[in-house]
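The residues making up each chain are set out below.
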Amino acid sequence: MDLNTIREVARPSVRAQLPVWTAGDAWLAGGTWLFSEPQIHLRRLIDLADFKWPALTIGDAGLSIAATCTVAQLDALACPPEWLAAPLIDQCCRAFLASFKIWKTATVGGNLCMSLPAGPMISLTAALDGICTIWKTDGSEQNSAVADFVTGNNRNVLAPGDLLRQIDIPLDALKRRTAFRQISLTPLGRSAALLIGSLTGDGALALTVTASTARPVRISFAGIPGAAELREAIRQHIPDELYHDDVHGKPAWRKHMTLRLAEEIRAELQGLV
């Protein structure tokens, strides 16, 4: 869709060239949502393409994902064999309600910044202890765990003019055993519940609940809990009002599926111990 209210497109290549943020500005990365509907309040786009950030960087500390990394680039990553959590990348990429054309343009950072409950890049990076680096308008930086970055449906910690620079995944998280469950109302529909369990080397379990809830929920256990303990922990950490309600699933059904998928994850990871 043409954005016929845009008067200027800024193309900075270094941070010092970023223009002063004003009302009517928007960041442009993939633009798959930006150009999908009228944006009559916008007057200027700030294009991030000329920063030329490396999409993916594997280092001693883990994996760094640029906010401008596309879904296709992430899905094509050749992971080291010791990254036992690597299958999650493929699983979460395929949880998108999107065509291959969108994959080549949509960005990981854009998915986080949209902060929709069904955002699968939120699910992936939250489950793997991702840390967001945010460029603040005053020139400083702020770090935020992905699980805390998203605060609700289409809401996050970004203030006007803040820019998500990258997401860092620690090496220890990439080496965990994981289990993935996702369900939609229709075979190719938007995720109504997406749960990921991860098991550390010392047997601690972390369960990340997304899509069924308005924001990510992390529940940690010192070991693999029993079925009753798991159900009670979910009930304690996720009040009924936190379950998302839209055409893709009613809260009561999302809660039921969350409990069911969590038990499947618990049983799968228990079998790996």
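All values reported here derive from a predicted model rather than from experimental measurement.

Engineer: Would you explain unusual backbone geometry in this entry?
Structural biologist: The general pattern is negative phi for most residues beyond glycine and trans for most peptide bonds. Even without being glycine, Lys52 reaches a positive phi, approximately 50°. For Lys52, the location among the structural elements is in the loop between strand S3 (44–47) and strand S4 (56–59). In the Ramachandran plot, Ala211 falls in the positive-phi region, its phi being about 75° despite a non-glycine side chain. Tracing the backbone shows Ala211 in the loop between strand S13 (205–210) and strand S14 (217–221).

Engineer: Just to check I follow, could you spell out the side chain of Ser123 for this structure?
Structural biologist: Turning to its location among the elements, Ser123 is positioned in helix H5 (residues 120–127). Assessed through its relative accessible area of 1%, Ser123 is described here as buried. Excluding residues that lie within four positions of it along the chain, Ser123 makes contacts with Leu194, Ile196 and Thr210.

Engineer: How should I be thinking about the packing of helix H8 (residues 227–237) against helix H9 (residues 251–270) in this particular structure?
Structural biologist: A pair of packed helices can be characterised by two numbers: the angle between their axes and the separation between those axes. Closest axis-to-axis distance for the H8/H9 pair is 10 Å, and the angle between their directions is 140°. Taken together, the axes of H8 and H9 are oblique relative to one another. Two packed elements cross with a definite hand, and for H8 against H9 that hand is right-handed. Listed contacts from H9 to Ala227, Leu230, Arg231, Ile234 and Arg235 of H8 are Thr258, Leu259, Ala262, Glu263 and Arg266. Residues belonging to the contact of H8 with H9 are distributed by class as follows: five nonpolar, one polar and four charged.

Engineer: Which parts of the structure should I look at to understand the environment of Glu8?
Structural biologist: Locating Glu8 in the fold gives a position in strand S1 (residues 8–10). Each C-alpha atom, one on Glu8 and one on Arg43, is 6.9 Å from the other, the two residues being 35 residues apart in sequence. Sequence-distant contacts of Glu8, that is, excluding residues within four places in its chain, are made with Arg43, Arg44 and Leu45.

Here is what the cut-offs are and how they apply
Residues numbered from 1 in each chain as written. Predicted model: local features only at pLDDT ≥ 70, side-chain atom pairs only at ≥ 80, totals over all residues. Heavy atoms only, no water. Helix = DSSP H or I, 4+ residues; strand = E, 2+ residues; numbered from the N terminus. Buried < 20%, exposed > 50% of the residue type's maximum accessible area, 1.4 Å probe, protein only. Contact = heavy atoms within 4.5 Å. Axes fitted to C-alpha atoms, helices over the stretch in contact; angles between N-to-C directions. Parallel < 35°, antiparallel > 145°, perpendicular 65-115°, else oblique. Left-handed = near helix turned anticlockwise from the far one by under 90°. Nonpolar A, V, L, I, M, F, W, Y, C, P; charged D, E, K, R; others polar.

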